[in-house]
Number of protein chains: 2
Amino acid sequence: MSVSETYYPSEPTAPVVKTSVIPGPESKKQTEELSTVFDTRPVYFVADYEKSNGNYIADVDGNVYLDVYAQIASIALGYNNPALIEAAKSPEMIRALVERPALGNFPGKDFKQILDNILKVAPKGQDKIWSGLSGADANELAFKAAFMHYQAKKRGYGTSFSEEEETTTMLNQSPGSPELAILSFKRAFHGRLFASASATCSKPIHKIDLPSFKWPKAEYPDYKYPLDDNAEYNDAEDKRCLAIVEDILTNWHAPIAAIIIEPIQSEGGDNHGSAAFFQGLRDLTLKYGSLLIIDEVQTGVGATGTMWAHEHFNLSPAPDMVTFSKKFQSAGYFFHDPELVPNYSYRQFNTWCGDPARMIIAGAIAKEVVDKNLIANAKEVGDYLFGKLEELSKKYPTELSRLRGKGRATFIAWDASSSEARNSFLAKMKLNGVNVGGCADHSIRLRPTLTFGKKHADILVATIDKVLSQN
Amino acid sequence: MSVSETYYPSEPTAPVVKTSVIPGPESKKQTEELSTVFDTRPVYFVADYEKSNGNYIADVDGNVYLDVYAQIASIALGYNNPALIEAAKSPEMIRALVERPALGNFPGKDFKQILDNILKVAPKGQDKIWSGLSGADANELAFKAAFMHYQAKKRGYGTSFSEEEETTTMLNQSPGSPELAILSFKRAFHGRLFASASATCSKPIHKIDLPSFKWPKAEYPDYKYPLDDNAEYNDAEDKRCLAIVEDILTNWHAPIAAIIIEPIQSEGGDNHGSAAFFQGLRDLTLKYGSLLIIDEVQTGVGATGTMWAHEHFNLSPAPDMVTFSKKFQSAGYFFHDPELVPNYSYRQFNTWCGDPARMIIAGAIAKEVVDKNLIANAKEVGDYLFGKLEELSKKYPTELSRLRGKGRATFIAWDASSSEARNSFLAKMKLNGVNVGGCADHSIRLRPTLTFGKKHADILVATIDKVLSQN
């Protein structure tokens, strides 16, 4: 029996749906109260986290859902996890909450240990960290490091700023505030602050009305599925996309300090790129002197069957920076090159430099993932689940097409026939006790925890079958 | 006896300095170890937060400093505060840490109460909140709201986006990604992400090498001190600066969606603006259709003698948005106009939408500030301290000049004769057991907690006197 079958002994054995509509009346009432002070339009339901357990989330109407969305892909272990409860009650945590330090100026004596607990699961080749607060923040901090590195390389790592640079940056003008770019990809999502939104390209709603940096977009491979039956087409697609990247690196009017890319474009529709594509990208960044930033905000922490999704590609050399957030509950980037530490102090700096409380949680998650072998579990259950979904895909070729994520553990997605069909599917799944999320225009993405088991997969598959059979 | 005299019964009665240099040998050793994984160049010393208490911070060498810098102005109540320890151990906190929700999609049933506890101390006129994670994040979220509001007003609040807007924003081009600006002020500090750094204008090191938005800068008043002796000059200075603002609002080549300003420019040197200046600014924003964002990241939460520093100005109407972070331990912005909620859902949105764990701490701070009347304490102690510093200013007119912050409780600053003199002063203060911070080129800023008492003020003043007498 695999670890997931016994991980949460008091987890519900099946979903419970008590209301005929979702959100139910109590959720609606509480949402209305909340709406007087907070924007509640995106609320699906008001949760009862006390009653949530393992892979099940409860709402205030007594509904209990099998959760394969997991707080927009950001719960690693499940609800009311004993290891995290222990971490939350630890003396280190109390201190981190009560004495929030300015980590750059006055780190506490436990800070090295807190970081080491995270670094134990750093991506292959990375041994340093800079800490932030969210996925967007992590990516923008990585952009900052990339821009500082690009300019330091240009003027010489130890060379100081010119007077002209110091004067012009105060006016937001070049050369102190230079025109440099980050290259990202169509359908990418890297966050919603201004620089990260300039790199984001998945939906207009994320970006519209915001001033943006005029940064270029390359094309991310758009494969035909099943992959095995379309190898030739997909190889050509890799080459086509790499040629576009090279064209931009050669011809863009401003230097490209870094390329940022998701190992699997998640918000953008669970679009996959091959190991060959990623190695090609790595080669191009070396050839043209750009850095490679891998955005593992959604893909990181085990869900694809390796701790970090890009580890599937065995990139050589390792990427320059790897950003993380979501399932790690904390945020930041890993790196290895000492020259990515800016050449003067106080350049990559802010008051808090991250949150030790959230870093303690990250360390506890890392330990649990390793100790309980949860990645092996995700792989085993993911393979099992993928097989079942392949069968369903034959039964419902229109509403369950382009099944993606084979060999990527539980990081699985497929397409519905339209946006309306997808949204209707998601709503019906909730009414049948399963909380699922969508991505892009008409895709469905599975983002269960790492403790998701075959027993949960069976419920999920049966519910999908039930809902699709009612069409 | 005022509250501060008995607030921390087991607080040290005086600083203890055990090492002849700071950082001491153990701090140095631990910093070196930490430097293998983290940028430690800005580290002053490695703290022992377990042994820190009230207004005293301990380091790993056994030194205990009176702390008037307080984690870069971000500790409201002092170290090991009983009310915060209670909040940190509460069941709500355990839940917030272990079940970090996507607050926009799946808020917990306690979220309304968590927000209400914060809103109890909202600035006059504000009754809604949007939550973020840091000061820079709070300001950029406010910028986003301002830009969306500006464009919605232009096209009609209920009008949907045009196809051209949706297409062009995906290419980072106008009209979907319009050229709009935020007006800020020379010497301002609003954060170090890309948009906030574009509004920041205090030091080149904060901005250099980062691509920036070409946003304009007005001038913040530069008063002569003492204020009472220079009323005419300072009035003229207000008018001069307001004329510059009006000129930019009239002539800048892109629309100014909002003005952002600190009630007291903090990183930039503790520069004060008068109530008349701020009301003039409020009038100009109304005349020209810009929003007014007050950045209370450093000035908020009581230290100036009102909960929010801009409340000293009695602005009419209230500002459109007020951002907070630092001493509130949580971040975000307050507002009141329902039309500042973007006209479509999922526009002001991200995975976490803030951190309920930090919001619980904010609520506990708010309650303690009100229950224990800590703002009255800060006023009383601040007036007392200012009087003592005025005396010292006469004794050391060169090294303690332009004393600022009269009537602003403990939010006090002054100038040294040079950057070198200031840095030497700060180092000597540490060697005498007092942790003080600088700002701008050659200013010293006091940022004690709200539980700072006359007994602490006496130690601070005696130490300043001692250090300056050795020059």
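Residues numbered from 1 in each chain as written. Chains lettered and ligands numbered in written order. Predicted model: local features only at pLDDT ≥ 70, side-chain atom pairs only at ≥ 80, totals over all residues. Heavy atoms only, no water.

- Per an unreviewed UniProt entry, chain A is named 4-aminobutyrate aminotransferase, and its organism is Komagataella phaffii.
- Note on chain A: under the UniProt heading Sequence similarities (unreviewed entry), the record states "Belongs to the class-III pyridoxal-phosphate-dependent aminotransferase family." (UniProt positions renumbered as here; feature names shortened; annotations may be inferred.)

## Topic: unusual backbone geometry
Inference 1: At the junction of A:I22 and A:P23, the peptide bond is cis and its omega measures out at 5 degrees in the coordinates.
Inference 2: With respect to the secondary-structure elements, A:P23 resides in the loop between α1 (3-6) and α2 (25-34).
Inference 3: Of note, the phi angle at A:R402 is positive, near 50 degrees, even though the residue is not glycine.
Inference 4: You can see A:R402 is positioned in strand β13 (residues 401-404).
Inference 5: Even without a glycine there, the phi angle at B:N172 is positive, about 60 degrees.
Inference 6: Examined against the element boundaries, B:N172 turns out to sit in the loop between α8 (163-169) and β5 (181-185).
Inference 7: According to the relative accessible area criterion, B:N172 is buried, its value standing at 0%. (Helix = DSSP H or I, 4+ residues; strand = E, 2+ residues; numbered from the N terminus. Buried < 20%, exposed > 50% of the residue type's maximum accessible area, 1.4 Å probe, protein only.)

## Some words on the interface of chain A and chain B
Inference 1: The interface of chain A with chain B comprises 121 residues on the first partner and 121 residues on the second.
Inference 2: Across the chain A to chain B interface the summed buried area is about 11100 Å²; carbon plus sulfur atoms make up 63%.
Inference 3: Together, A:F106, A:N172 and A:D209 form the three largest contributors to the area buried by chain A at its contact with chain B, with a combined 8%.
Inference 4: Scanning the region where chain A abuts chain B turns up eleven salt bridges. (Contact = heavy atoms within 4.5 Å. Buried area = accessible area lost by both parts, 1.4 Å probe. Salt bridge = Lys/Arg side-chain N within 4 Å of Asp/Glu carboxyl O.)

## Here we look at the packing of aromatic side chains
Inference 1: Across all of its chains, the model carries 59 aromatic pairs over all chains by this definition.
Inference 2: Aromatic side chains A:Y69 and B:F106 sit 6.2 Å apart centroid to centroid with 75 degrees between the ring planes, which places their arrangement in the edge-to-face category. Here the residue A:Y69 occupies a position in the loop between β3 (64-67) and α3 (70-73), and B:F106 occupies one in the loop between α5 (91-98) and α6 (111-119), the pair thus bridging two chains.
Inference 3: Judged by relative accessible area, which is 1%, B:F106 ranks as buried.
Inference 4: Between A:F143 and A:W215 the ring centres are 5.8 Å apart and the planes differ by 80 degrees, which places this aromatic pair in the edge-to-face class. Of this pair, A:F143 sits in helix α7 (residues 135-155) while A:W215 sits in the loop between α9 (194-199) and β6 (217-218), and the two are 72 residues apart along the sequence.
Inference 5: Feature note: the residues A:F143, A:F147, A:F194, A:F213, A:W215, B:F143, B:F147, B:F194, B:F213 and B:W215 constitute an aromatic cluster, connected by ring pairs.
Inference 6: Taking NZ or CZ as reference, A:R100 lies 3.7 Å from the ring centre of A:W352, over its face.
Inference 7: Over the ring of A:F411 we find A:R447, and its NZ or CZ is 3.6 Å from the ring centre. (Phe/Tyr/Trp six-rings, centres within 6.5 Å; stacked < 30°, edge-to-face > 60°. Lys NZ or Arg CZ within 6 Å of the ring centre and 35° of its normal.)

## Some points on the sheet that holds β3(A)
All names here are of chain A.
Inference 1: Read from one edge of the open sheet, four strands run β1-β2-β3-β15, paired in mixed fashion. Each edge of the open sheet is held by one strand with a lone partner, namely β1 (47-53) and β15 (434-435).
Inference 2: Here three bridges tie β1 to strand β2 (residues 56-59), and the two strands are oriented antiparallel to one another. Considered in β2, the bridge of A47 is made with D59. (Pairing = 2+ DSSP bridges.)

## Some words on the environment of B:V341
Inference 1: Residue placement: B:V341 occurs in the loop between β12 (331-335) and α12 (356-371).
Inference 2: Expressed as a C-alpha distance, the spacing of B:V341 and B:N377, which sit 36 residues apart in the sequence, is 37 Å.
Inference 3: When sequence neighbours within four positions are dropped, the list of residues in contact with B:V341 reads A:D39, A:R41, B:Y157 and B:F335.

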